[in-house]
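Here's the letter readout for the chains.
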Amino acid sequence: MTDRNTLEEFVRETVSTRVSLLCTDAYPAYNRLHFRFRHGVIDHANGQHVIGAIHTNTIEGFWSIIKRGVVGTFHKVSKKYLPLYVAEFQFRYNNRLNSDIFGTAIEGC
């Protein structure tokens, strides 16, 4: 299990301060996130899955897509390159409705 300090550091480094709502499960290490973000909590152990706009379905679906991509396409991913694979899937996910995703991908080249 990851401890509170590690999770808080990860969130501080990766989550934009412009986020309007940060949703997590009820893992106790997330308890202090409300000091920095508007924080909604879903407690799966108590049968909670959605409370209004608060849910973890989107991120769970995103990780499912990454796992299927790794197993089905790449077969194996090293720890060293995992951030690059995640970045690729993040780009794909964020541009899933973009009809010119290829053009967007090569814009910065």
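To be clear, the structure that these remarks concern was listed above.
All values reported here derive from a predicted model rather than from experimental measurement. Per chain, residue numbering runs from 1 following the sequence as it is written. With pLDDT at 70 or above as the cut-off, local features in this predicted model cover only qualifying residues; side-chain atom pairs require 80 or more to be listed or tallied, and sums for whole chains, interfaces and linings still use all residues. With hydrogens and water stripped out, all remaining heavy atoms of the structure feed into the side-chain values.

**With respect to unusual backbone geometry**
The cut-off we apply is this: Note on exposure labels: buried denotes an accessible area under 20% of the residue type's maximum, exposed denotes more than 50%, and partly exposed covers the range between, all computed with a 1.4 Å probe on protein chains only.
One non-glycine residue, H75, lies in the positive phi region at around 70°. Overall, H75 belongs to the exposed group, its relative accessible area being 59%.

**A closer look at the packing of helix α2 (residues 57-74) against helix α3 (residues 82-94)**
Here is the rule we go by: The angle between two axes is taken between their N-to-C directions and runs from 0 to 180 degrees, where each axis is a line fitted to C-alpha atoms and a helix contributes only its stretch in contact. Secondary structure elements are taken from DSSP: a helix is a run of H or I of four residues or more, a strand is a run of E of two residues or more, and numbering for both begins at the N terminus. To sort the angles, those under 35 degrees are grouped as roughly parallel, those over 145 as roughly antiparallel, those from 65 to 115 as roughly perpendicular, and the leftovers as oblique. In a left-handed crossing the near helix is turned counterclockwise from the far helix by less than a right angle, and in a right-handed crossing that turn is clockwise. Residue contacts are counted whenever heavy atoms from the two residues lie within 4.5 Å of one another. Three residue categories are used. Nonpolar comprises Ala, Val, Leu, Ile, Met, Phe, Trp, Tyr, Cys and Pro, charged comprises Asp, Glu, Lys and Arg, and polar comprises the others, including Gly.
Running from amino to carboxyl end, α2 crosses α3 at an angle of 120°, the nearest separation of the two axes being 10 Å. Taken together, the axes of α2 and α3 lie oblique to each other. As for how α2 packs across α3, the hand of that crossing is right-handed. Contacts between α2 and α3 involve T58, F62, W63, I65, I66, G69 and F74 on the former and, on the latter, Y85, V86, E88, F89, Q90 and Y93. Taken together, the residues that form the contact of α2 with α3 break down as nine nonpolar, three polar and one charged.

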